[in-house]
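This is what each chain is made of:
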Amino acid sequence: EDAQSMGNTPSKTSELKIIGEGCTFTQVHTFHKLPLEPQKHGLNHDSVASEIISDSLAFGCVSDGAGQLYWSEVASRQATKGFQEIIHSKLVDLKKPKSSTIAEILVDSFMKTNQHLMDYTLPSGKRAGIFDEGGGQCTLVACVLFFESGKWKCASLATGDSLSFIYKISDGTWRALSKDEGTMLPFYGLQESNLCQVEFTEIDPNNEILILMSDGVYEAFPSKVLPTMKLEGSKEMGRETLKKFKEIVTKEVVQAVANGAHPDDVTFVAFSFEEKKGEATGPQVLSLPDITKELYPEFKSSTELPWGESYSY
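Residues numbered from 1 in each chain as written. Predicted model: local features only at pLDDT ≥ 70, side-chain atom pairs only at ≥ 80, totals over all residues. Heavy atoms only, no water.

**With respect to the nonpolar core**
Counting residues in each nonpolar core, the largest one holds 35 residues, and the members touching the most others are F83, L94, L106, F131 and V144. Only β2 (46–54), β3 (57–64), α4 (72–88), α5 (91–94), α6 (99–118), β4 (140–148) and β5 (151–159) provide two or more residues apiece to this core. Each residue touching L94, except ones within four places of it in the same chain, is listed here: I53, L57, I87, I102, I105 and V144. Core analysis: the next-biggest nonpolar cluster, separate from the first, contains 30 residues, I19, Y167, V266 and A270 among them. (Core = buried A, V, L, I, M, F, W, Y, C linked by side-chain atoms within 4.5 Å. Buried < 20%, exposed > 50% of the residue type's maximum accessible area, 1.4 Å probe, protein only. Helix = DSSP H or I, 4+ residues; strand = E, 2+ residues; numbered from the N terminus. Contact = heavy atoms within 4.5 Å.)

Here it is as structure tokens:
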């Protein structure tokens, strides 16, 4: 049987479990030599949250703060934090793998994340209001990966230019799931009609990787098109292949910037599959390291905001 037919065979997919990898880093300050002023630039405007809830259910989200606006790094961190908390509150329904239910959950979670940003309070308990009148804004792309009717599926929704893609292991090509929608959060007066439609796709677990990314990944390449990135060596599904995928994406982006592409914050989280070995170990929060310090040892890795909050990377 070919990879596609194998991927849609219930007896095969039921023997798999979801795995994940990802990372975040910034090249902005190193290349532009910008002063590290948190009111203007922050350190890394990207933020990410992801979790493997069970062997057959996972979610992830990536948010990118608008670098030209004050406090956008706060917006992105609050967006992913809020989205994760909201998803957790909906786990009972999310664990019922039905496409229509998952679509409703994603839309409602985006609406509530938007409200979470507008209601953001300072440690003193006072409403911050830092996103009012054109303050910091951010993108948000999120997905739910699940197993339904013998098939692996993904539901994806995005606002702004952080996007979701499917990567094909066999030939190194990409397929876009979401489009640059334009709306940034927080959006005052946001209605469900302002959001794009939730995109669904089936995933071949033997040949495809789901990836969410900030625009710092794909905009590093000509015409904002991800080039073919072939993996060397084994192309079998599993953790080693996923790690190779993470390494090649990072390498390609860094090289593109070194060759003259616009430097930006880079964040991505990827989901793939591996064969089950023994009993399930339970929920796993993915480790998504910030490798800025690894790439640029001179980079300052923490800052304190005027109202007492601090960020470390």
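Picking up where we left off.
**Overview of the sheet that holds strand β7 (residues 173–176)**
Each strand in a sheet pairs with its neighbour through backbone hydrogen bonds, running either in the same direction (parallel) or in the opposite one (antiparallel). Read from one edge to the other, the open sheet built from 5 strands follows the order β1-β10-β9-β6-β7, with strand pairing classed as antiparallel. A single partner strand is all that each edge strand has here, and the edge strands are β1 (16–26) and β7. Adjacent strand axes in the sheet meet at a mean angle of 25° when their direction is disregarded. Pairing between strand β6 (residues 163–168) and β7: 4 bridges, direction antiparallel. From the neighbouring strand, K168 faces β7, where its bridge partner is T173. The strands touched by helix α8 (residues 239–258) within the sheet are β1, β6, β7, β9 (208–213) and β10 (265–275), with β1 carrying the most contacts at an inclination of about 20°. (Pairing = 2+ DSSP bridges. Axes fitted to C-alpha atoms, helices over the stretch in contact; angles between N-to-C directions.)

**Here's the deal with the pattern of salt bridges**
Overall, the coordinates contain 12 salt bridges when judged by the stated rule. The shortest N-O distance in the salt bridge between K246 and E21 comes to 3.5 Å. One end of the pair, K246, is in helix α8; the other, E21, is in strand β1, and 225 residues separate them in sequence. Take E21: its relative accessible area is 11%, and that puts it in the buried class. The shortest N-O distance in the salt bridge between E274 and R239 comes to 3.6 Å. Taken as a pair, E274 in strand β10 and R239 in helix α8 lie far apart in primary sequence, 35 residues in all. (Salt bridge = Lys/Arg side-chain N within 4 Å of Asp/Glu carboxyl O.)

**Things to note about the sheet that holds strand β11 (residues 284–285)**
The 6 strands are arranged β8-β5-β4-β3-β2-β11 in an open sheet whose pairing can be described as antiparallel. On the outer flanks of this sheet lie β8 (199–202) and β11, each paired with one strand and no other. Bridging between β3 and β4 involves 6 bridges; their strand directions are antiparallel. Opposite G60, over in β4, you have C143 as the bridge partner. Most of the contacts of α4 go to β2, to which it runs at about 15°, and overall it touches β2, β3 and β4. Strands in contact with α6 are β4, β5 and β8; relative to β4, the strand with the most contacts, it is inclined by about 160°.

**Overview of the confidence of the model for the protein chain**
When the pLDDT values of the protein chain are averaged, the result is 84; 82% of them are 70 or greater. The element-level mean pLDDT for the protein chain is lowest in helix α1 (residues 3–7), coming to 34, with β9 highest at 97. The model gives residues 1–13 a pLDDT under 50, and that stretch makes 24 contacts with residues more than four places away or in other chains. Low pLDDT, under 50, characterises residues 38–42; the stretch is placed with 19 contacts to residues that sit more than four places away or in other chains. (pLDDT = per-residue confidence, 0-100.)

**Details of α6**
Between the first and last C-alpha of α6 there are 29 Å, a value that for 20 residues agrees with the 28 Å anticipated at 1.5 Å per step. Those residues of α6 not exposed but buried are S99, I102, A103, I105, L106, V107, S109, F110, T113, N114, L117 and M118. Those residues of α6 hidden inside the fold are in contact with α4, α5, β4, β5 and β8. (Expected span 1.5 Å × (residues − 1).)

**Describing the side chain of S164**
You can see S164 is positioned in strand β6. Side chain to side chain, S164 and S156 meet in a polar contact 2.7 Å long. Excluding residues within four positions of it along the chain, S164 makes contact with V141, S156, A176, L177, S178, I211 and L212. (Polar contact = N/O pair within 3.5 Å; in protein donor to acceptor, adjacent residues only side chain to side chain.)

**Side note on the pairing of β10**
Burial analysis of β10 places 10 of its 11 residues in the buried class, which makes it a mostly covered element. Pairing geometry for β1 and β10, over 11 bridges, is antiparallel. Counted as the bridge partner of E21 is A270 from β10. The sheet contact formed by β9 and β10 spans 4 bridges and is antiparallel. Residue I211 lies in a different strand from β10, and its bridge partner there is A270.

**Section: the state of the cysteines**
For the coordinates displayed, the defined rule picks out 0 disulfides. Among the cysteines around C143, which has no disulfide bond, C154 carries the closest sulfur, lying 4.7 Å off. Judged by its relative accessible area of 0%, C154 falls in the buried class. (Disulfide = S-S within 2.5 Å.)

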